[in-house]
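Structural overview
Listed here are the chains, written in short residue letters.
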Amino acid sequence: MSILTSVEQFFENLWNNILKPDVQEAIDVAEAFFSAAATAVAQQLGTTGLKIVTDAVAAAETAGGTGAQKLAAAQASIATNLSTAGVTAATNVINAAIEGAVAQLKTAQTPTPDNSAGSDNSNASTK
């Protein structure tokens, strides 16, 4: 058995047999984590920093490439533009903002179901 396998088994045993988190506890931990991340992003980046991040992510997505290439392009642009704007933030905060911007961009690009097909009732009577 490799050391890595032993470590994996240790943590699996710890999680499943000792900690035994219930679903609500796991939700509470996730909510606390994301709430803290959102607060840190807002406090450290502010509106100027958030705009820099979202603009860089959008530009990287438009430019295309692999995920790693897009991330590198966004990070380079963000570092330059934050510095120019005099905005400082911890790396983990910038990374959280990047993830948030990517999620927002993907949500905005997701097509919504067209519920109007075949049900155009604009001239329907309500008698």
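The structure we're discussing is the one just above.
As a starting point, this report considers the structure included with it.

About the criteria used
Residues numbered from 1 in each chain as written. Predicted model: local features only at pLDDT ≥ 70, side-chain atom pairs only at ≥ 80, totals over all residues. Heavy atoms only, no water. Patch = residues over 30% accessible without salt bridge, like charges linked within 9 Å, V, L, I, M, F, W, Y side chains within 5 Å. Areas by Shrake-Rupley, 256 points an atom, 1.4 Å probe, with all protein chains shown as cover. Salt bridge = Lys/Arg side-chain N within 4 Å of Asp/Glu carboxyl O. Helix = DSSP H or I, 4+ residues; strand = E, 2+ residues; numbered from the N terminus. Phe/Tyr/Trp six-rings, centres within 6.5 Å; stacked < 30°, edge-to-face > 60°. Buried < 20%, exposed > 50% of the residue type's maximum accessible area, 1.4 Å probe, protein only. Core = buried A, V, L, I, M, F, W, Y, C linked by side-chain atoms within 4.5 Å. Contact = heavy atoms within 4.5 Å.

Together, I3, V7, F10 and F11 make up a nonpolar patch on the protein surface, roughly 440 Å² of accessible area in all. As for its placement among the helices and strands, F11 is situated in helix α1 (residues 3-19).

On to the packing of aromatic side chains. Given two aromatic rings, one states the distance between the centres and the angle between the planes to describe the pair. Enumeration according to the criterion identifies 1 aromatic pair in this entry. On the numbers, 4.9 Å between centres and 80° between planes, the contact of F33 with F34 is edge-to-face. Exposure remark for F33: the relative accessible area of 52% places this residue in the exposed category.

Turning our attention to the nonpolar core. Core analysis: the biggest nonpolar cluster contains 16 residues, and L45, V53, V57, I78, L82, I94 and I98 have the highest contact counts within it. Of all the elements in the fold, those that place two or more residues in this core are α2 (23-63), α3 (67-85) and α4 (91-109). Here this core gets 7 residues from one element, more than from any other, and that element is α2. For I98, the contacting residues outside a window of four places in its chain are V53, V57, L71, Q75 and I78.

Purely spatial values, then, with no claim about function.
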